[in-house]
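Next come the chains, spelled out residue by residue.
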Amino acid sequence: MIRRFVAMKCEGLMFGKPSEYLDKAAKVLTIELDADLVKAFIEIKASRDIIIHNGGRINNLYIDKAGDQRRGEDGEELVIDRAYFRQVIVTLKKLSGEIQSKTEQKYN
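These notes cover the structure that comes with them. (Residues numbered from 1 in each chain as written. Predicted model: local features only at pLDDT ≥ 70, side-chain atom pairs only at ≥ 80, totals over all residues. Heavy atoms only, no water.)

1. Details of the nonpolar core
Line of reasoning, step 1. Y21, L22, A26, I31, L33, L37, V38, F41, I42 and L95 together form the largest nonpolar core, which totals ten residues.
Line of reasoning, step 2. Residue assignment for this core shows that the elements contributing at least two residues are α2 (18–29) and α3 (35–54).
Line of reasoning, step 3. Ranked by the residues each element gives to this core, the list is headed by α3, at four residues.
Line of reasoning, step 4. Not counting residues within four places of it along the chain, the set of residues in contact with L33 comprises L22, A26, V38, L95, E98, I99 and K102.
Line of reasoning, step 5. Formed by seven residues, the second largest nonpolar core is a distinct cluster that contains I58, Y62, A66 and L78. (Core = buried A, V, L, I, M, F, W, Y, C linked by side-chain atoms within 4.5 Å. Buried < 20%, exposed > 50% of the residue type's maximum accessible area, 1.4 Å probe, protein only. Helix = DSSP H or I, 4+ residues; strand = E, 2+ residues; numbered from the N terminus. Contact = heavy atoms within 4.5 Å.)

Structure representation (structure tokens):
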């Protein structure tokens, strides 16, 4: 029962805003994440949302979410090319690596 409760709580976190669930995770772990890395992750999530929910067309919701990391203007097609996809992989590896290393530093 405890495992199921924890799983439900974790799943619930993932349906919030990326900035909120990263902030909550950092607070629970008592670590601080690099702000630029968090912004890059938020843009990745906003890009995913545009592809899934708006046919790849940039809208004001994407612009608001992505902020200064946005990759186009309202009405333009959001480009997901090989270079961007590579950068996504690099960013996600950096973020997961930062969480791991800062957590290990804190608790080892």
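Still to come is the rest of the account.
2. Some points on the pattern of salt bridges
Line of reasoning, step 1. In this structure the tally under the stated criterion is eight salt bridges.
Line of reasoning, step 2. The salt bridge partner of D49 is K65, with a shortest N-O separation of 2.8 Å. One end of the pair, D49, is in helix α3; the other, K65, is in helix α4 (residues 60–66), with 16 residues separating them in the sequence.
Line of reasoning, step 3. You can call D49 buried: its relative accessible area is 11%. (Salt bridge = Lys/Arg side-chain N within 4 Å of Asp/Glu carboxyl O.)

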